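# Fold and geometry: a report
Chain residues, written in single-letter form:
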Amino acid sequence: MKPILFVIWVLAGAVAHAAQPPSALVDADWLNEHLNQDQLVVLDVRSGIDNGGDRSSFQQAHIPGSRYSSYTGDGWRENRDGVQGVLPPVASLERLIGSLGIGNDDTVVIVPAGTGATDFGSAARVYWTFRVLGHDRVAILNGGFAGWRAAGFQVASGEGADYELAKFSGRLQPELIATLAEVEQARESQAQLVDARPADYFRGETQSPAAKAPGTIPGARNLPHHQFVGQHDEVFYLDAERVTGQVNAAELDPAARTISFCNTGHWAATDWFVLSELAGFQEVALYDGSMSEWSQDSSRPIQVARKGLGKLLDLFD
């Protein structure tokens, strides 16, 4: 009997972990097929940042069995020392994730709104947070809730799934986080700095309220986050087929240490996701302080494009 019991135990363990996503980006068909599996948590992160609504929108319509957490309101990012959007302490994130009933053995599929390029950044930033905490059983639903609904799958209403609080323990992966000191050193080393903002921000023609000055970090390459997300039938999907061409156009080295940034570490999460999880870059970090932190000190150099010149110039305040 013991060998038979052993086989049953092994098979039960295999079933418990059968929901491991095939890649970091899954589609609605895959999620629908695995929706009712144990240890699969569907986490809806819609918020006002993306025209996708908030908790009330979730209550009106969501993927059956999903759980809701506001990307902007529940503590996935915080403002600290005058810098917007930085990673909260590990203990705070452990409490947040555990409060959603997510444990270390769960597979998490993150659901953005699917209504624009910016909202993919919400899912990418939450995905990066899980990876920073050492949790690799995580994926993003491409097209988000809008894509799920467009595919014709069942939609539920109300508060979402019932669940109990869980114990979640994070194991910080510091190599995925770029500090201010590392960014300063990157300008002197072989590391690549990648600015995920639209070109007008990169050139200094547009300035975010979070930044003290327009422009970019000297030496950075521009890889706008929105170029990876395309619209199809009013749903916004990350177009994996466009990744190679866009990355090659930016002349990036996949073997070099790469650091993505933006204004507050939101758009940069899309670039991090694309380079790290889809393009196969060997070592990618996200600078969560981004221009909000870099521009705090006027002694740090900033590049801007002067009108009439086809290049960026260093400005030292």
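As the structure is a computational prediction, the values presented were derived from the model and not from experiment. (Residues numbered from 1 in each chain as written. Predicted model: local features only at pLDDT ≥ 70, side-chain atom pairs only at ≥ 80, totals over all residues. Heavy atoms only, no water.)

## Section: helix 10 (residues 267-278)
With 12 residues, helix 10 ought to run about 16 Å at 1.5 Å a step, and its terminal C-alpha atoms sit 16 Å apart, in line with that. With 10 of its 12 residues buried, helix 10 lies for the most part within the structure. What helix 10 keeps buried is the set W267, A268, A269, T270, D271, W272, F273, V274, L275 and S276. (Helix = DSSP H or I, 4+ residues; strand = E, 2+ residues; numbered from the N terminus. Expected span 1.5 Å × (residues − 1). Buried < 20%, exposed > 50% of the residue type's maximum accessible area, 1.4 Å probe, protein only.)

## Considering unusual backbone geometry
Of note, the phi angle at Q39 is positive, near 65 degrees, even though the residue is not glycine. Its location among the elements puts Q39 in the loop between helix 2 (28-34) and strand 2 (40-44). The backbone of D81 shows a phi angle near 55 degrees, a positive value even though the residue is not glycine. Classification of D81 as exposed rests on a relative accessible area of 74%.

## Things to note about the confidence of the model for the chain
Chain-level statistics for the chain give a pLDDT mean of 89 and a share of 90% at 70 or above. Note on residues 1-16: pLDDT under 50 across the span, and two contacts to partners over four residues away in sequence or across chains. Ignoring residues within four places in sequence, the model shows residues 308-317, a span with pLDDT below 50, making 23 contacts including any to other chains. (pLDDT = per-residue confidence, 0-100. Contact = heavy atoms within 4.5 Å.)

## Brief notes about the sheet that holds strand 12 (residues 258-261)
In space, the four strands of this open sheet follow the order 9-8-12-13, with parallel pairing throughout. In this open sheet, the two edge strands, each paired with only one partner strand, are strand 9 (221-222) and strand 13 (284-286). With two bridges joining them, strand 8 (residues 192-195) and strand 9 adopt parallel strand pairing. Paired with D195 across the bridge in strand 9 is N222. (Pairing = 2+ DSSP bridges.)

## Considering the sheet that holds strand 2
Strands sit in the order 1-7-6-2-3 across an open sheet of five strands; the sheet is parallel. Two strands bound the open sheet, and with one partner strand each, they are strand 1 (25-26) and strand 3 (67-68). Along the sheet face, helix 5 (residues 117-132) touches strand 1, strand 2, strand 6 (107-111) and strand 7 (138-141) and points at about 175 degrees away from the line of strand 7. (Axes fitted to C-alpha atoms, helices over the stretch in contact; angles between N-to-C directions.)

## Let's talk about the pattern of salt bridges
Under the counting rule described, the total for this entry stands at nine salt bridges. Taking the shortest distance from any N to any O, the salt bridge between D44 and R46 comes out at 2.9 Å. With relative accessibility at 1%, the residue D44 sits in the buried group. Between E205 and R203 there is a salt bridge, with the nearest N and O atoms lying 2.8 Å from each other. R203 gets classed as partly exposed once you look at its relative accessible area, which sits at 33%. (Salt bridge = Lys/Arg side-chain N within 4 Å of Asp/Glu carboxyl O.)

## Side note on the nonpolar core
Ranked by size, the top nonpolar core spans 52 residues in total, and within it L43, W76, I110, F130 and F273 carry the most contacts. Among the elements of the structure, strand 2, helix 4 (90-99), strand 6, helix 5, strand 7, helix 9 (243-249), helix 10 and strand 13 are those that each provide at least two residues to this core. Looking at this core element by element, the count peaks at nine residues for helix 5. Ignoring anything within four residues of it in the chain, the contact list for I110 reads L43, V45, A123, V126, Y127, F130, V138, A139, I140 and L141. Counting residues in each nonpolar core, the second largest holds 19 residues, with I217, A285, W294 and I302 among its members. (Core = buried A, V, L, I, M, F, W, Y, C linked by side-chain atoms within 4.5 Å.)

## Observations regarding the pairing of strand 8
Along strand 8, one buried face is formed by Q192 and V194 and the opposite face, lined by L193 and D195, is buried too. In terms of strand pairing, strand 8 meets strand 12 through four bridges, oriented parallel. For L193, the partnering residue across the bridge sits in strand 12 and is I259.

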